[in-house]
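A closer look at the structure
What follows is each chain in one-letter form.
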Amino acid sequence: MLQSLFYGTLTGIALCLTFGTVFFSLVQNSVDNGYRTGIKIAFGVFVCDIIFVFFAIFGTALLPDIPDFKKWMAAAGVVFLIVLGLNNLVRGQPKIAYPQTRFGNLLYYFTTGFLLNGLNPVNFISWVTIASYIRTNLHYNLNQVILFFSASVIVVFLVESAIAVYAHRLKRIFTPRVVTLFNKTTGVVFILIACQIAYTNFFK
């Protein structure tokens, strides 16, 4: 159980290092309108992640017993991670510039975070891929899976809330050049994980 908690925490931290639209929205809105707006956005992402995780856990568990299903899922995960990694490696330098918003209400910012996360299909595919991997490769039971994902989504929310609180400092630290470096590093990590999954399922 401690292992699943530990790995879930690491996964949550890793998911926050992609520096996508949610990250920049958190920084921009927190700088423009205060850290509370950023936390509202993070809460929208948190609720969306809970929905994604629910379907990732119970949706994959309810799938029929398909021959070589593990290998099919592993292959899909490998392709997904390689594409994601290559995208991070070749993408251009990000721009930290977003239009200022003045709608200071919970529903607006909550919906913003929910939609930024929910309308990106990569996020759901990520949770499904992780769910498949920990079941088939790490052989977690249902309790361990729930603990793993509980740690992941809570850590994602806490890290994003911290980003909102320290947005002024982060804006000075995370220049476009630094973010580009992190994106490329994350891309290499994704590709290495894809190679590890491919080796475990097809060559070992």
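Residues numbered from 1 in each chain as written. Predicted model: local features only at pLDDT ≥ 70, side-chain atom pairs only at ≥ 80, totals over all residues. Heavy atoms only, no water.

A tally of helices and strands in the protein chain yields nine helices and zero strands. Of the regular secondary structure in the protein chain, the N- to C-terminal order runs α-α-α-α-α-α-α-α-α. Accessible area for the protein chain stands at about 11400 Å²; split by element, carbon and sulfur atoms hold 71% of it. (Helix = DSSP H or I, 4+ residues; strand = E, 2+ residues; numbered from the N terminus. Areas by Shrake-Rupley, 256 points an atom, 1.4 Å probe, with all protein chains shown as cover.)

The subject of this paragraph is helix 1 (residues 2–15). With 14 residues, helix 1 extends 20 Å between its outermost C-alpha atoms, agreeing within 8% with the 20 Å of an ideal straight helix rising 1.5 Å per residue. Every buried residue of helix 1 is listed here: Ser4, Gly8, Thr11 and Gly12. Across the axial projection of helix 1, the buried residues extend over an arc of 100 degrees, all falling on one side. (Expected span 1.5 Å × (residues − 1). Buried < 20%, exposed > 50% of the residue type's maximum accessible area, 1.4 Å probe, protein only. Arc of directions from axis to C-beta.)

Another aspect to go through is the packing of helix 1 against helix 7 (residues 142–165). Where helix 1 meets helix 7, the closest approach of the two axes is 7 Å, and the angle between their N-to-C directions is 35 degrees. Read as a crossing pair, helix 1 and helix 7 show a hand that is right-handed. For the pair formed by helix 1 and helix 7, the contact residues are Ser4, Leu5, Tyr7, Gly8, Thr9, Thr11, Gly12, Ile13 and Leu15 on the first element and Gln144, Leu147, Phe148, Ala151, Ser152, Val155 and Val156 on the second. In terms of residue class, the contact of helix 1 with helix 7 is built from nine nonpolar, seven polar and no charged. (Axes fitted to C-alpha atoms, helices over the stretch in contact; angles between N-to-C directions. Left-handed = near helix turned anticlockwise from the far one by under 90°. Contact = heavy atoms within 4.5 Å. Nonpolar A, V, L, I, M, F, W, Y, C, P; charged D, E, K, R; others polar.)

As a further point, take unusual backbone geometry. Phi angles above zero are rare outside glycine, and His139 is one such case at about 60 degrees. Among the residues examined, His139 registers a relative accessible area of 59% and is labelled exposed.

This structure, assessed with the given rule, holds 13 aromatic pairs. Ring geometry for Phe43 versus Phe110: centroids 5.6 Å apart, planes at 50 degrees, classification tilted. Highlighted residues: Phe43 in helix 3 (residues 35–61) and Phe110 in helix 5 (residues 106–118), separated in sequence by 67 residues. A relative accessible area of 37% places Phe43 in the partly exposed class. What links up through ring pairs into an aromatic cluster is the set Phe43, Phe46, Phe110, Phe114 and Phe157. (Phe/Tyr/Trp six-rings, centres within 6.5 Å; stacked < 30°, edge-to-face > 60°.)

Glancing now at helix 5. The end-to-end C-alpha distance of helix 5, which contains 13 residues, comes to 18 Å, matching closely the 18 Å that a straight helix rising 1.5 Å per residue would cover. Of the positions making up helix 5, those classed as buried are Tyr109, Phe110, Gly113 and Asn117. Looking straight down helix 5, one finds that the buried residues subtend no more than 105 degrees of arc, so they occupy a single side.

It is worth spelling out a nonpolar patch on the surface at this point. On the surface, Ile51, Phe54, Phe55, Phe58, Phe124, Leu142 and Ile146 cluster together into a nonpolar patch covering about 590 Å² of accessible area. When contributions to the nonpolar patch are tallied by element, the ones reaching two or more residues are helix 3 and helix 7. With four residues, helix 3 is the single largest residue contributor to the nonpolar patch. Take Leu142: it is sitting in helix 7. (Patch = residues over 30% accessible without salt bridge, like charges linked within 9 Å, V, L, I, M, F, W, Y side chains within 5 Å. Salt bridge = Lys/Arg side-chain N within 4 Å of Asp/Glu carboxyl O.)

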